[in-house]
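# Overview (structure and organization)
Residue strings, one per chain:
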Amino acid sequence: MISTRTFKWIYAGLWASRICFALFGTGYIHPDEHMQNGEVTSGDLMSYHTIRTWEWSPALPVRSIVPAFATTGIPVWFAKLLSKKHLTQGVHPVLIFRLERSAFLVASGLIDYSLTRLVPTPSARRLGLLLLASSHVMNTFQVRPFSNSMEAVLLSLSLLFFCKISLVETLDKQRYFLHLLCMTFVTGIFTRPTFLIFGAPIAYQVAIGTFTYAGTATRWLRLVVPPLFTAAGVCTAFLVVDTLYFRGTLNDLVVTPFNFLVYNFASQNLAEHGLHPRWLHVFVNVPMLFGPWVTWLAVGAIADSATLSNDKSFEVDVLRPTIIQIIILSLAVLSVQPHQEPRFLVPLLLPLIVLIANTGRLAHVGKAFWVSCSIFNFALAILFGILHQGGIVPSLFHLHSVVADASLITRTNIIYWKTYIPPLHLLGVSERDVSTGLISFIDLAGASQDDLVASLSAGDYDKTFIVTPVAMRYTLPAAIMGCMELNQSIFPHLDLDHISESIDTGVLDGLRLGVYTLSRNCVFV
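So, here's what we can say about the structure. (Residues numbered from 1 in each chain as written. Predicted model: local features only at pLDDT ≥ 70, side-chain atom pairs only at ≥ 80, totals over all residues. Heavy atoms only, no water.)

### Some remarks on the nonpolar core
Put simply, the rule is: The set of buried Ala, Val, Leu, Ile, Met, Phe, Trp, Tyr and Cys residues whose side-chain atoms join them within 4.5 Å is what this entry labels a nonpolar core. Exposure is judged per residue with a 1.4 Å probe applied to protein chains only, and the accessible area is read against the type maximum: over 50% gives exposed, under 20% gives buried, and values in between give partly exposed. Starting at the N terminus, helices and strands are each numbered in turn, a helix being any DSSP run of H or I of at least four residues and a strand any DSSP run of E of at least two. The contact criterion used throughout is that any non-hydrogen atoms of two residues lie within 4.5 Å.
In terms of nonpolar packing, the biggest core is built from 78 residues, with Ile202, Phe290 and Leu348 touching the most fellow members. The element contributing the most residues to this core is helix H8 (residues 147–167), with 12 residues. Excluding residues within four positions of it along the chain, isoleucine 202 makes contact with Leu155, Ser158, Leu159, Phe162, Leu181, Phe185, Thr322 and Ile326. Counting residues in each nonpolar core, the second largest holds 32 residues, with Leu45, Tyr48, Ile392 and Tyr420 among its members.

Have a look at this one:
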């Protein structure tokens, strides 16, 4: 059994690792980590030129603006406020990046805190915290502004409030936590409507538990109706803010969770984002997110619950069946949808670890378990936290400094080719400079070489920057390659979409992103 002193040192080291991944890990997991949050809030607050994806379309907005502003908007707003008083250069994109990550880093601590309250046995609690803190999910997804990350935090708090409601003996304290639970539920639904799936077993158990506690239907209604009014009030606040934000008036109500469901129930919409086999969540995404060993322990814990179902002590332990219901229900419902991304299951990390820790299984695993788990999680943390598309954010920081130092009359064209969509709020270019034609930005994504040539030929600019993996430059015709001069090489940048080209280029160049300047003497036909 691990000693308290050893636990504190290891846990502190894991937190230090999480902080480093949050503040310095520029790996780019998925465009939604920027497009669902910082790209919108910084665009509004800083008047930057940004890219607004379909989710924020005024015609059918599927994202509430409240969670985005509550997480990354508030710190950026404070930074803007302070910059007006104390800084002359404004808010640098690097500061914005780290403020966004810091907000979610702090939020991730609520998951750790929830675990300390959900696992009562000290020895099991320590092992559970180590398993949680060493997970690559905590070092990657949870410190990035994904809506799934906030969904995980809100589910953790919901489980915490649920336990408080089950354990408190006074009516006033029970009412207090019921109010908190209702507020958390509404926030979760407006953050991601899939929160309904994760939270449904909690709502069911709370309804059963409070009814048993109240004894009669009349007393139960007196207990639950006030918190439901609180939920209605919070829901109204979300509706009002979203409607004013997207419509500018309250005449045309905007209900983003409903729009989310309408969009995702249309199969043609899901096809645009990619269709997956319905077994992908269970057999691929779960082991990839949580590790095959944790998955196996969780399966064993669920199997054990079947043999304990007639035991009176198991009936008293209401947390265990609730978590099992969350796991089974969420996997079943989310697997029905043909679009299945690993991050959709991120909220299950805490429930899985709490279930395993409370069954005492972690006390019986050997060193091989911890060593293999550590290697697995470290490897994926490096992959997603540092390597994957890791040059895009630093390239934006570099281009920001170049554009900021350029003359006011320098007309600049910036082209990204064969990369993820760049989050332009980290470029820090004002909307005015783009609208006046001083700066042009083109995201070619995975377009063909012909499209790249057409973009290079279009317009008359004083300076053109091309940002693309070094490996992809070698695929261009010699005439174009000769016109591209390397301005900055950024390492590391792992492009999993063009593995063969990266291998052909070599390890070093295959893991680099190049920022090139285009010679003005070149003519493309």
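### Observations regarding the sheet that holds strand S5 (residues 513–518)
Just so we agree on the cut-off: DSSP bridges decide pairing: two strands pair if at least two such bridges lie between them. A fitted line through C-alpha atoms serves as each axis, taken over the contacting stretch for helices, and the angle formed by two N-to-C directions is quoted from 0 to 180°.
Strand order in the open sheet made by the 5 strands is S2-S1-S3-S5-S4, with mixed pairing throughout. Each edge of the sheet is formed by a strand with only one pairing partner; in this case those strands are strand S2 (439–445) and strand S4 (484–490). Put simply, the sheet's adjacent strands are angled 20 degrees from each other on average, direction ignored. Along the sheet, helix H22 (residues 449–457) contacts strand S1 (412–417), S2, strand S3 (463–469) and S5; its crossing angle with S1, the most-contacted strand, is approximately 175 degrees.

### Points about the packing of aromatic side chains
So the rule is basically this: Here the aromatic set is Phe, Tyr and Trp, taking the six-membered ring for Trp, and pairing holds for ring centres within 6.5 Å; pairs whose planes are under 30 degrees apart are stacked, those over 60 apart are edge-to-face, and all others are tilted.
Counted by the stated rule, this structure contains 17 aromatic pairs. Where tryptophan 54 meets tyrosine 263, the ring centres are 4.1 Å apart and the plane angle is 15 degrees; that geometry is what we call stacked. Pair noted here: tryptophan 54 is in the loop between helix H3 (38–46) and helix H4 (65–86) and tyrosine 263 is in helix H12 (residues 256–264), with a separation of 209 residues, a long-range link. Their ring planes at 70 degrees and their centres at 5.9 Å tell us that phenylalanine 211 and tryptophan 220 sit as a pair that is edge-to-face. Residue tryptophan 220 is classed as partly exposed on the basis of its relative accessible area of 23%.

### Some points on a nonpolar patch on the surface
Note the threshold: Residues enter patches when their relative accessible area tops 30% and they take part in no salt bridge; the joining distance is 9 Å for like charges and 5 Å for the nonpolar side chains Val, Leu, Ile, Met, Phe, Trp and Tyr. Note on areas: these come from Shrake-Rupley sampling with a 1.4 Å probe, and a residue is covered only by the protein chains present in the view. When a carboxyl oxygen of Asp or Glu lies within 4 Å of a side-chain nitrogen of Lys or Arg, that pair is called a salt bridge.
A cluster of nonpolar side chains, contributed by Ile74, Trp77, Phe78 and Leu81, occupies part of the molecular surface with about 370 Å² of accessible area. By the secondary structure assignment, leucine 81 is in helix H4.

### Looking at the pattern of salt bridges
All chains considered together, the criterion is met by 9 salt bridges. The closest approach of N and O atoms between arginine 18 and aspartate 112, which form a salt bridge, is 3.0 Å. On the criterion of sequence distance, the pair formed by arginine 18 in helix H1 (residues 4–24) and aspartate 112 in helix H5 (residues 93–118) is long-range, its members being 94 residues apart. Residue arginine 18 shares its accessibility class with aspartate 112, and that shared class is buried. A salt bridge links aspartate 252 to arginine 247, with the shortest nitrogen-to-oxygen separation between them at 2.8 Å. For arginine 247, a relative accessible area of 28% corresponds to the partly exposed category. Counted as one network, the salt bridges with shared partners bring together Asp32, Glu341 and Arg343.

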